[in-house]
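One-letter residues, chain by chain:
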Amino acid sequence: MFLLRHGQSKFNLHFSATRRDPGIIDPPLTGEGHAQARAAGLALRGRGIRRIVTSPYTRALETAASVNATLGVEIVINPIVREHCAFTCDIGTPRTELARLWPRLDFSRIEEIWWPAAAETEHQVLERAALFRAEMTALRDRSAQTLVVSHWGFLRALTGEAMENGSWRRYDLISPAT
């Protein structure tokens, strides 16, 4: 499996400069974030990826769409890979609005309000990561052909490592440390 942290968002840009929540709900990518996503798509070409699993946050959807412009594979929306709910940027966009904005994607399997109503504990995010790992392990061979577009908090819970915006890595479900 491959993991990709979404490209730089408007939240990331402001938060990294001030260390304060700028109050941006479900922020889009910056120009730099779009460039990071395009670069990831090019780097991931030819690696056997057959589907993209992405978080429903706008920054992840934009990243997945940009990568998919190169890969041309199925995109699956899965809120289990969403960010660790802790900031204003972790308030999502309702399902019906996402479906209007992204008519080629299938949002029918997610709730209208798919993000949590309150901040999540680290334990809750670790449990979500474990559930996702179990779901992907059950897919056996298909998991190796999957790219997951997610967020800093979820990817850290899954791998134990912090990933930079636009960075990607292989992830072995059997031996997660690799």
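For the structure, see preceding data.
Owing to the predicted nature of the structure, the values given are computational and were not obtained by experimental measurement. (Residues numbered from 1 in each chain as written. Predicted model: local features only at pLDDT ≥ 70, side-chain atom pairs only at ≥ 80, totals over all residues. Heavy atoms only, no water.)

**Digging into the pattern of salt bridges**
Item 1. Summed over all chains, the structure comprises nine salt bridges.
Item 2. Between arginine 128 and glutamate 120 there is a salt bridge whose closest N-O contact spans 2.9 Å. Residue arginine 128 shares its accessibility class with glutamate 120, and that shared class is buried.
Item 3. In this structure, a network of salt bridges that share partners links the residues Asp26, Arg59 and Asp90. (Salt bridge = Lys/Arg side-chain N within 4 Å of Asp/Glu carboxyl O. Buried < 20%, exposed > 50% of the residue type's maximum accessible area, 1.4 Å probe, protein only.)

**Description of unusual backbone geometry**
Item 1. Here the phi dihedral of arginine 19 falls at roughly 60 degrees; this positive angle occurs in a residue that is not glycine.
Item 2. You can call arginine 19 exposed: its relative accessible area is 59%.
Item 3. Despite not being glycine, aspartate 26 has its phi angle at roughly 40 degrees, a positive value.

**Describing the packing of aromatic side chains**
Item 1. Applying the stated criterion to the full structure yields seven aromatic pairs.
Item 2. Where phenylalanine 11 meets phenylalanine 15, the ring centres are 5.2 Å apart and the plane angle is 15 degrees; that geometry is what we call stacked. On the criterion of helical spacing, the pair formed by phenylalanine 11 and phenylalanine 15 is a turn pair, its members being four residues apart in helix 1 (residues 10–18). With respect to class, phenylalanine 11 is no different from phenylalanine 15; both count as buried.
Item 3. Among the aromatic residues, ring-to-ring pairing joins Phe11, Phe15 and Phe87 into one connected group. (Phe/Tyr/Trp six-rings, centres within 6.5 Å; stacked < 30°, edge-to-face > 60°. Helix = DSSP H or I, 4+ residues; strand = E, 2+ residues; numbered from the N terminus.)

**Side note on the pairing of strand 3 (residues 74–77)**
Residues in a regular strand project their side chains so that they alternate between the two faces of the sheet.
Item 1. The sheet contact formed by strand 2 (residues 51–54) and strand 3 spans four bridges and is parallel. Bridge assignment links valine 53 to a residue of strand 3, and that residue is valine 76.
Item 2. Between the parallel elements strand 2 and strand 3, the chain passes through helix 3 (residues 58–71) in a crossover that is right-handed. (Pairing = 2+ DSSP bridges. Right-handed = clockwise from strand over helix to strand, strands pointing away.)

**Focus: the nonpolar core**
Item 1. Counting 24 residues, the largest nonpolar core has Ile52, Phe107 and Leu147 as the members making the most contacts within it.
Item 2. Of all the elements in the fold, those that place two or more residues in this core are strand 1 (2–5), helix 2 (31–44), helix 3, strand 3 and strand 4 (146–150).
Item 3. Examining the composition of this core, we find that five residues originate from one element, helix 3, more than from any other.
Item 4. Beyond its immediate stretch of four places on either side in the chain, leucine 147 contacts Phe2, Leu3, Leu4, Leu44, Ile49, Arg51, Ile52, Val53 and Val67.
Item 5. If you look at the next biggest cluster of nonpolar residues, it comprises 18 residues, including Val76, Ile80, Val125 and Ala129. (Core = buried A, V, L, I, M, F, W, Y, C linked by side-chain atoms within 4.5 Å. Contact = heavy atoms within 4.5 Å.)

**Quick word on the sheet that holds strand 1**
Item 1. Pairing is mixed across the open sheet formed by five strands, whose spatial order is 3-2-4-1-5. Whereas interior strands pair on both sides, the edge strands pair on one side only; in this sheet they are strand 3 and strand 5 (168–170). Geometrically, the sheet is characterised by an average inter-axis angle of 20 degrees between neighbouring strands, direction not taken into account.
Item 2. As paired strands, strand 2 and strand 4 are joined by four bridges and run parallel to one another. Across the sheet, arginine 51 pairs through a bridge with threonine 146, a residue of strand 4.
Item 3. Contacting strand 1, strand 4 and strand 5, helix 7 (residues 152–159) crosses the sheet at an angle of about 150 degrees to strand 1. (Axes fitted to C-alpha atoms, helices over the stretch in contact; angles between N-to-C directions.)

**So, the environment of glycine 160**
Item 1. One can find glycine 160 in the loop between helix 7 and strand 5.
Item 2. Placed 57 residues apart in sequence, glycine 160 and proline 103 show a C-alpha to C-alpha distance of 35 Å.

**So, helix 7**
Since one α-helical turn is 3.6 residues long, residues separated by three or four positions face the same way.
Item 1. Counting buried positions along helix 7 yields six of eight residues, so the element is predominantly enclosed.
Item 2. Residues of helix 7 that are buried sit in contact with strand 1, helix 5 (122–138), strand 4 and strand 5.
Item 3. Glycine 160 occupies a position one or two residues after helix 7 and carries a positive phi of about 85 degrees.

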